[in-house]
Amino acid sequence: MTGETWGWWVAVFLVALDLIIRIAAIIIIPRNRRPTAAMAWLLAVFFIPYVGVFLFLVIGNPRLPKVRRQKQAQINEYIAHTSEHLHFGTLRPNAPEWFEPIVQMNQKLGALPLSGDNGAHLISDYQESLDAMADAIRGAQKYVHVEFYILQSDTATDNFFRALEEVAARGLEVRVLLDHWANRGKPRFKQTIARLDAMGADWHLMLPVQPFKGKMQRPDLRNHRKLLVVDGVTAFLGSQNVTDSSYNLPKNIKRGLHWVDLMVRLDGPVVLSVNAIFVADWYSETDTVLEGIDIAHAEIGSGDLDCQVVPSGPGFDVENNLRLFLSLLYAAKKKIMIVSPYFVPDEALLLAVTAAVDRGVHVELFVSEEGDQAMVYHAQRSYYEVLLKAGVRIWMYRKPYILHTKTLTIDDEAAVIGSSNMDMRSFGLNLEVSMLVRGEEFVAEMREVEDKYRSLSRELTLEEWNQQPLRSTVLDNLARLTSSLQ
């Protein structure tokens, strides 16, 4: 075969391969995927075929491996069976007509029931919340369950770790879960693990990417939950990681960035649901069912709030958190307050927010003036114009602080607090935990926090936005295109 003939066959092969890739992409990519995400992947494959195919093979599957999803199904079935005939406190009377259907949907998707007679109090100071968790740990009589996306032993968290050491020294079980990818290679990781080992804590990495150990899934699937349970009686959850407010990252320290977060301290039957999340994640990572952990018999709490914990993530069939947010946005009649550091809505969420304004609902969005993640920051900015034109008031928390709180309040009736942002990553790729709370006294606490945030923010106006330079608009729109990939 001559060189010319060989070159001709190579050209034919490459053309045929390119055609096969494009046809296969049209068949495979759109299946069970959002149209926007499918279109983004198809564009990637069509314009940069080999790179696009490689990226799709590595990060194109937004679900956990089948074994992990089967574990989640087993857990859901167990929780549903366990709680089917149990009484979890007395519920508040006179719930609005929209509330019960949302609760029913949440339980169908995430298995966890609504409970009454709960106490829930917000802690908005960063160091205060770390110390409050340390105090709760010191009061442990049976066990401590720690699950955080980022867990670092440093000056700010030393009291937290000393509390764990004291409990472990008394012979109590200290179980710890921390996300692998979020901690691996980060400052203080080796010191943190060494400290956990020294105290005798039983710790495990969540969603480890360790192919040589047979542990592999899409590398950017993360367990983003933040929760603490003490004895099944007291719990904390929210947006804050156990780390210094700068995350100990040199780039953050150089820019003077500090994170602003919100945690909630819980007592009452809802603590059983928070503990069920930990038990489920423990089983997923260790294949071990924790013996002697009661998630069925509740103690009455210090308040009478109705609370329901809603887990979400790639182990579930649908986006549980997104459906919760959408349902509440359409239920609102007077006021919606959204606090989200990463607000990158899909079409349904954007429509729900703007439609609320059209119905006469007052809508405010709290975001950060400065971003810590360039792509997400610019993708978020690309939605400001349509939101401002619709009538949404946008408050930008002044730099150098990153407003990391994730909350949603509806009228004066209900609120959501947890780890979930309002973006595609939190809806489809991260394991998150959110809590729906009904009770005007809790919403009043939320309003105080929102007022504080507003006082430390500046309002973005449409007039100011229209003066944005062209380069910012280009960056925002390009980032918006990539936000659909999942």
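All values reported here derive from a predicted model rather than from experimental measurement.

Run through the overall build of the protein, naming residues and quoting values.
Within the protein, the regular secondary structure consists of 19 helices and 18 strands. Here the protein holds 486 residues, and 59% of them are scored as buried. Carbon and sulfur atoms make up 58% of the accessible area of the protein, which totals about 21,400 Å².

Mind laying out the environment of valine 229, listing which residues take part and the relevant values?
Along the polypeptide, valine 229 turns up in strand S6 (residues 226-230). Beyond its immediate chain neighbours, meaning those up to four positions away, valine 229 contacts Tyr143, Val144, His145, Thr234, Ala235, Val271, Val274 and Asn275.

Outline the packing of helix H6 (residues 126-138) against helix H7 (residues 158-169), listing residues and values.
For the pair H6 and H7, interaxial distance at closest approach is 8 Å and the crossing angle is 5°. One way to sum up the angle between H6 and H7 is to call them roughly parallel. Residues Leu130, Asp131, Met133, Ala134, Ile137 and Arg138 of H6 lie in contact with H7, whose contacting residues are Asn159, Phe160, Arg162, Ala163, Leu164, Glu166 and Val167. Its residues placed into classes, the contact of H6 with H7 shows eight nonpolar, one polar and four charged.

Could you give an account of helix H12 (residues 320-331), with specific residues and numbers?
In this model, H12 (12 residues) spans 17 Å end to end at C-alpha, consistent with the 16 Å of a helix rising 1.5 Å per residue. In terms of burial, H12 is a largely internal element, nine of the 12 residues being buried. Within H12, the full set of buried residues consists of Asn320, Asn321, Leu322, Leu324, Phe325, Leu326, Leu328, Leu329 and Ala331.

Help me get a handle on the packing of aromatic side chains, residues and values and all.
Tallied over the entire structure, the rule returns nine aromatic pairs. Arranged with centres 6.4 Å apart and planes meeting at 90°, the rings of phenylalanine 148 and phenylalanine 160 form a pair that is edge-to-face. Remark: phenylalanine 160 occurs in helix H7 and phenylalanine 148 occurs in strand S2 (residues 143-148); sequence separation between them is 12 residues. Phenylalanine 160 gets classed as buried once you look at its relative accessible area, which sits at 1%. Ring centres of tyrosine 397 and tyrosine 401 lie 6.4 Å apart, and the angle between their planes is 85°; on these two criteria the pair is classed as edge-to-face.

Lay out the pattern of salt bridges with the relevant residues and their values.
Tallied over the entire structure, the rule returns 21 salt bridges. Its salt-bridge partner being arginine 458, residue glutamate 369 comes within 2.6 Å of it at the nearest N-O pair. Of this pair, glutamate 369 sits in the loop between strand S12 (362-368) and helix H14 (374-381) while arginine 458 is found in strand S18 (residues 457-460), placing the two residues 89 residues apart along the sequence. Residue class for glutamate 369 comes out buried when judged on its relative accessible area of 15%. The salt bridge partner of glutamate 413 is arginine 438, with a shortest N-O separation of 2.9 Å. With glutamate 413 in the loop between strand S15 (407-410) and strand S16 (414-418) and arginine 438 in strand S17 (residues 430-438), this residue pair connects regions lying 25 residues apart in the sequence. Within the structure, one salt-bridge network assembled from shared partners comprises Arg92, Asp304, Glu440 and Glu441.

Explain helix H13 (residues 347-358) residue by residue, including any values.
Between its first and last C-alpha, H13 extends 16 Å over 12 residues, near the 16 Å set by a 1.5 Å rise per residue. Looking only at H13, the buried set comprises Leu349, Leu350, Ala352, Val353, Thr354, Ala355, Ala356 and Val357. Next to the buried residues of H13 lie H12, strand S11 (335-339), S12, helix H15 (384-390) and helix H16 (424-429). Of the residues flanking the end of H13, it is glycine 360, one or two places downstream, whose phi is positive at about 95°.

I'd like a rundown of the pairing of S16, residues and numbers included.
Along S16, five of the five residues are buried, which leaves the element largely enclosed by surrounding structure. With burial as the criterion, each face of S16 is covered, one bearing Ala414, Val416 and Gly418 and the other bearing Ala415 and Ile417. When S15 meets S16, the two strands line up antiparallel, connected through four bridges. Across the sheet, residue isoleucine 410 finds its bridge partner in S16, namely alanine 414. Hairpin connection of S15 to S16: three residues between the antiparallel strands, including aspartate 411 at a positive phi of 50°.

Tell me about the side chain of serine 419, and name the residues and values.
Following the sequence through the fold, serine 419 ends up in the loop between S16 and H16. When its relative accessible area of 0% is taken as the criterion, serine 419 is described as buried. Not counting the four nearest positions on each side in its chain, serine 419 is found in contact with His224, Arg225, Lys226, Gly238, Lys406, Glu432 and Val433.

A description of the pairing of S11 should follow, citing residues and the corresponding values.
With four of five residues buried, S11 lies mostly within the body of the structure. Read as a crossover between parallel neighbours, the route from S11 over H13 to S12 is right-handed. Bridge count for S11 against S15 is four bridges, and the pairing is antiparallel. In the sheet register, methionine 337 faces S15, and the bridge partner there is threonine 409.

Parameters at a glance
- Positions within a chain are numbered from 1, following the residues in the order the chain's sequence is written.
- With pLDDT at 70 or above as the cut-off, local features in this predicted model cover only qualifying residues; side-chain atom pairs require 80 or more to be listed or tallied, and sums for whole chains, interfaces and linings still use all residues.
- Calculated side-chain values reflect all of the structure's heavy atoms, with hydrogen atoms and water omitted.
- Helix and strand definitions follow DSSP, with helices as H or I runs of at least four residues and strands as E runs of at least two, each counted in order from the N terminus.
- Relative accessibility thresholds used throughout: buried, under 20% of the residue-type maximum; exposed, over 50%; partly exposed, between the two (1.4 Å probe, protein chains only).
- Here, Shrake-Rupley sampling with a 1.4 Å probe gives the accessible areas, and only protein chains in the shown set may cover a residue.
- Between two residues, a contact is recorded if the distance between any of their heavy atoms is within 4.5 Å.
- Lines fitted to the C-alpha atoms define the axes, with helices restricted to the stretch that makes contact. Angles between their N-to-C directions range from 0 to 180 degrees.
- Reported orientations rely on four angle classes, namely roughly parallel under 35 degrees, roughly antiparallel over 145, roughly perpendicular from 65 to 115, and oblique for the rest.
- Asp, Glu, Lys and Arg are counted as charged, while Ala, Val, Leu, Ile, Met, Phe, Trp, Tyr, Cys and Pro are counted as nonpolar; the rest, among them Gly, fall into the polar class.
- One fewer than the residue count of a helix, multiplied by 1.5 Å, yields its expected span.
- Two rings from Phe, Tyr or Trp (for Trp, the six-membered ring) form a pair when their centres sit within 6.5 Å of each other. Planes less than 30 degrees apart are called stacked, planes more than 60 degrees apart edge-to-face, and all others tilted.
- A side-chain nitrogen of Lys or Arg and a carboxyl oxygen of Asp or Glu constitute a salt bridge if their distance falls within 4 Å.
- Pairing between strands is defined by DSSP: at least two bridges between them are needed.
- A clockwise path from the first strand over the helix to the second, with the strands pointing away from the viewer, defines a right-handed crossover.

Any link to function would need more than the numbers given here.
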